[in-house]
Amino acid sequence: MSLHTPTPPASGNVDQAEIDKFSALASRWWDPNSEFKPLHAINPLRLDWIKELTGGIAGKNVIDIGCGGGILAESMAVAGATVTGIDLAEKSLKVAKLHGLESGVPVTYRNISAEDMAAEHPGQFEIVTCMEMLEHVPDPGSIVRACSTLVKPGGWVFFSTINRNPKSFMFAIVGAEYILRLLPRGTHSWKNFIRPSELATSTRDAGLEPVDMRGMGYNPITEHYSLNHDTSVNYLMATRK
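Basis of the calculations
Residues numbered from 1 in each chain as written. Predicted model: local features only at pLDDT ≥ 70, side-chain atom pairs only at ≥ 80, totals over all residues. Heavy atoms only, no water. Helix = DSSP H or I, 4+ residues; strand = E, 2+ residues; numbered from the N terminus. Buried < 20%, exposed > 50% of the residue type's maximum accessible area, 1.4 Å probe, protein only. Contact = heavy atoms within 4.5 Å. Areas by Shrake-Rupley, 256 points an atom, 1.4 Å probe, with all protein chains shown as cover. Axes fitted to C-alpha atoms, helices over the stretch in contact; angles between N-to-C directions. Parallel < 35°, antiparallel > 145°, perpendicular 65-115°, else oblique. Left-handed = near helix turned anticlockwise from the far one by under 90°. Nonpolar A, V, L, I, M, F, W, Y, C, P; charged D, E, K, R; others polar. Phe/Tyr/Trp six-rings, centres within 6.5 Å; stacked < 30°, edge-to-face > 60°. pLDDT = per-residue confidence, 0-100. Pairing = 2+ DSSP bridges. UniProt positions renumbered as here; feature names shortened; annotations may be inferred.

Notes on the overall build of the protein
Regarding its fold elements, the protein presents eight helices and eight strands. For the protein, the proportion of its 241 residues judged to be buried stands at 51%. Here the analysis covers contacts within the protein between residues at least 6 apart in sequence; of these, 70% occur between residues at least 24 apart. Surface exposure of the protein reaches about 10,800 Å², of which carbon and sulfur atoms provide 56%.

What follows is the structure in structure tokens.
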């Protein structure tokens, strides 16, 4: 099963309720004790994994799809990459731009869809990241194809999302949103979660070959996150064109 579903034109691949949800939280993107605390905690893990697989990102042209407030985008720029971040939530982008002015970290931010960006700049990036986004759009397969279009031959595309099974419902929704309150209630919809096999099929259909996959673990006692090989809930997939 791939991720392709009938959708409106590319620029219409957006769920306005999802945009509104993250726009309402925009001012708290850079508060490490806010609803975005998990993103701050896992960001170094994701960045190190990307750097390890690519042999380093310094001097490379990178685009972060669904960049939000710029947490990953800024960290990649600090690591020496030339970074573009795109998102359809204007309030989140304003926060990202403001933080960039305060931090002095240069990132180019644009309010544009992945599909429209791909039409404008095909094959322009050595690395594409698309983290925690696929489960929030009507047609994730369209995003995968856009990522493939954006990346140069031989380049890398990184995804992270959530598996769809009974365990992920218990852990990612009941546990994370209702019991541990790591995320606001209603952050995720279980029916929009994506099995690794579905994502792998979609990436291959788009001309991307899966190279590595990792799970993201969390210990609620120590509040420690780690990358592991358990992909039953949160997982990351590295692909190459």
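Description of the packing of helix α2 (residues 37-54) against helix α3 (residues 71-78)
The contact between α2 and α3 brings their axes to 10 Å, and the two run at 40°. Here α2 lies oblique to α3, going by the angle between them. The way α2 lies across α3 gives a crossing that is right-handed. In contact with L39, H40, N43, R46 and L47 of α2, α3 contributes I71, L72, S75 and M76. The residue makeup of the contact of α2 with α3, split by class, is five nonpolar, three polar and one charged.

Notes on the packing of aromatic side chains
Applying the stated criterion across every chain, the model contains four aromatic pairs. Look at W49 and F158: their rings are 5.3 Å apart centre to centre, the planes differ by 75°, and that puts the pair in the edge-to-face class. Of this pair, W49 sits in helix α2 while F158 sits in strand β5 (residues 151-162); the two residues are 109 residues apart in sequence, bridging distant segments of the chain. Of the two residues, W49 and F158, neither departs from the other in class, the shared state being buried.

Observations concerning the confidence of the model for the protein
In this model, the protein carries a mean pLDDT of 86, and residues with pLDDT of at least 70 account for 80%. Taken as a whole, residues 4-10 scores under 50 in pLDDT and shows six contacts with residues more than four places along the chain or in a different chain.

Quick word on the pairing of strand β8 (residues 234-240)
Across the seven residues of β8, five count as buried, placing the element largely inside the fold. Of the pairings in the sheet, the one linking strand β6 (residues 209-219) to β8 comprises six bridges and is antiparallel in character. Residue R214 lies in a different strand from β8, and its bridge partner there is L236.

Points about helix α8 (residues 196-205)
All buried positions along α8 are accounted for by P196, E198, L199, A200, S202 and T203. Directly after α8, the chain includes G207, whose backbone phi takes a positive value near 90°.

Some remarks on the environment of I65
Tracing the backbone through its elements, the reader meets I65 in strand β1 (residues 61-65). Among the residues examined, I65 registers a relative accessible area of 1% and is labelled buried. Residue contacts for I65: discarding those within four places in its chain leaves I86, A114, V128, T129, C130, M131, M133, I143, C147 and L150.

Some words on the pairing of β6
By the bridge criterion, five bridges tie β6 to strand β7 (residues 224-228) in an arrangement that is antiparallel. Pairing of G217 across the sheet is with S226, part of β7. Hairpin connection, β6 to β7: the antiparallel pair is bridged by four residues, and E223 has positive phi, about 55°.

Things to note about the UniProt feature "binding site: S-adenosyl-L-methionine" (unreviewed entry) in the protein
Within the UniProt annotation, "binding site: S-adenosyl-L-methionine" (unreviewed entry) is assigned to R46, G66, D87 and M131. According to the relative accessible area criterion, G66 is partly exposed, its value standing at 24%. Classification of D87 as buried rests on a relative accessible area of 12%. Look past the residues within four positions of D87 in its chain and what remains in contact with it is G66, C67, G68, L93, R110, N111 and I112.

So, unusual backbone geometry
Non-glycine residue E132 carries a positive phi angle of around 55°. For E223, which is not glycine, the phi torsion reads 55° and is therefore positive. Turning to its location among the elements, E223 is positioned in the loop between β6 and β7.

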